[in-house]
Amino acid sequence: MYSEKVMDHFTNPRNVGEIENADGVGTVGNAKCGDIMRIYLDIDEDTKVIKDCKFKTFGCGAAVATSSMATELVMGKTIYEAMEVTNKAVMEALDGLPPVKVHCSLLAEEAIHAALWDYAQSHNIEIPGLKEPKADIHDGEEEQE
Ligand code: FES
């Protein structure tokens, strides 16, 4: 049911933890399953490159695997390039997810966006395509899949 990559990132998640004094922090949740994800970003002031990214996930295995993969994908990208890390990109990098687990990858995308938004707000920057995140714990993910 799960790809080898999903199993790998679930059993051996990369970049777990938190970043003290992170430049951007985003927390999102899914009201239906109750899973919560938080992403921390360390961003270079001049180049806007994401130097470090860590996550904490209180959630299912797919949420752990997608947040792990998402942190790997955004690391080394600029805050603008990080917008390319969509839930689809994360799923592709993991060789797919079962349909009922697609919302977990959406949570990873939302957590990255929320962290980018946090940074953009505090630095008065506009990131093309980035919208204000919805409330931390919210509903309705299924409709967007
Ligand atoms: Fe909710 Fe996976 S079941 S994030």
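Treat the numbers as computed from the prediction; the structure is a model and nothing was measured.

Novice: Please explain the overall build of the chain as it appears in this structure.
Specialist: Check the secondary structure of the chain and you find 5 helices and 4 strands. When the helices and strands of the chain are placed in sequence order, the string is α-β-β-β-α-α-α-β-α. The globule rule puts the C-alpha radius of gyration for 145 residues at 15 Å, and the 14 Å found for the chain is close to it. Across its three principal directions, the C-alpha atoms of the chain cover 45 × 30 × 25 Å. When burial is assessed residue by residue, the chain has 48% of its 145 residues classed as buried. If you take every contact in the chain between residues at least 6 apart in sequence, the share linking residues at least 24 apart comes to 64%.

Novice: Sorry, what's going on with helix α4 (residues 102-123) here?
Specialist: At 3.6 residues per turn, the α-helix brings residues three or four places apart onto the same side. For α4, spanning 22 residues, the distance from its first C-alpha to its last is 32 Å, which sits close to the expected 32 Å at 1.5 Å a residue. With respect to burial, α4 is a largely interior element, 17 of its 22 residues being buried. Asn 124, located one to two residues past α4, shows a positive phi value of around 55°.

Novice: Can you walk me through the nonpolar core in this structure?
Specialist: Inside soluble globular proteins, nonpolar side chains tend to come together where they are buried. Counting 40 residues, the largest nonpolar core has Ile 39, Leu 41, Ile 50, Val 74, Ile 79, Leu 116 and Ile 127 as its most contacted members. For Ile 50, the residues in contact, after removing those within four places along its chain, are Leu 41, Asp 42, Ile 43, Val 74, Met 75, Gly 76, Lys 77, Thr 78, Ile 79, Ala 82 and Leu 116.

Novice: It is not clear to me how the pattern of salt bridges should be interpreted in this structure. Could you clarify?
Specialist: Two side chains carrying opposite charge are able to pair once their charged atoms lie near each other. Within this structure, the stated rule accounts for 5 salt bridges. Residues Lys 5 and Asp 95 are paired through a salt bridge, measuring 3.7 Å at the closest nitrogen-oxygen approach. With Lys 5 in helix α1 (residues 4-11) and Asp 95 in the loop between α3 (87-93) and α4, this pair connects stretches of sequence that are 90 residues apart. For Lys 5, a relative accessible area of 37% puts it in the partly exposed group. Between Arg 14 and Asp 8 there is a salt bridge, with the nearest N and O atoms lying 2.8 Å from each other. Using a relative accessible area of 31% as the deciding quantity, one classes Asp 8 as partly exposed.

Novice: How should I be thinking about a nonpolar patch on the surface in this particular structure?
Specialist: Among the surface-exposed residues, Met 1, Tyr 2, Met 7 and Phe 10 lie close enough to one another that they form a single nonpolar patch of about 430 Å² accessible area. With respect to the secondary-structure elements, Met 1 resides in the segment before α1. The exposure class assigned to Met 1 is exposed, which follows from its relative accessible area of 79%.

What counts and how
Residues numbered from 1 in each chain as written. Predicted model: local features only at pLDDT ≥ 70, side-chain atom pairs only at ≥ 80, totals over all residues. Heavy atoms only, no water. Helix = DSSP H or I, 4+ residues; strand = E, 2+ residues; numbered from the N terminus. Rg over C-alpha atoms; globule rule 2.2 N^0.38 Å. Buried < 20%, exposed > 50% of the residue type's maximum accessible area, 1.4 Å probe, protein only. Contact = heavy atoms within 4.5 Å. Expected span 1.5 Å × (residues − 1). Core = buried A, V, L, I, M, F, W, Y, C linked by side-chain atoms within 4.5 Å. Salt bridge = Lys/Arg side-chain N within 4 Å of Asp/Glu carboxyl O. Patch = residues over 30% accessible without salt bridge, like charges linked within 9 Å, V, L, I, M, F, W, Y side chains within 5 Å. Areas by Shrake-Rupley, 256 points an atom, 1.4 Å probe, with all protein chains shown as cover.

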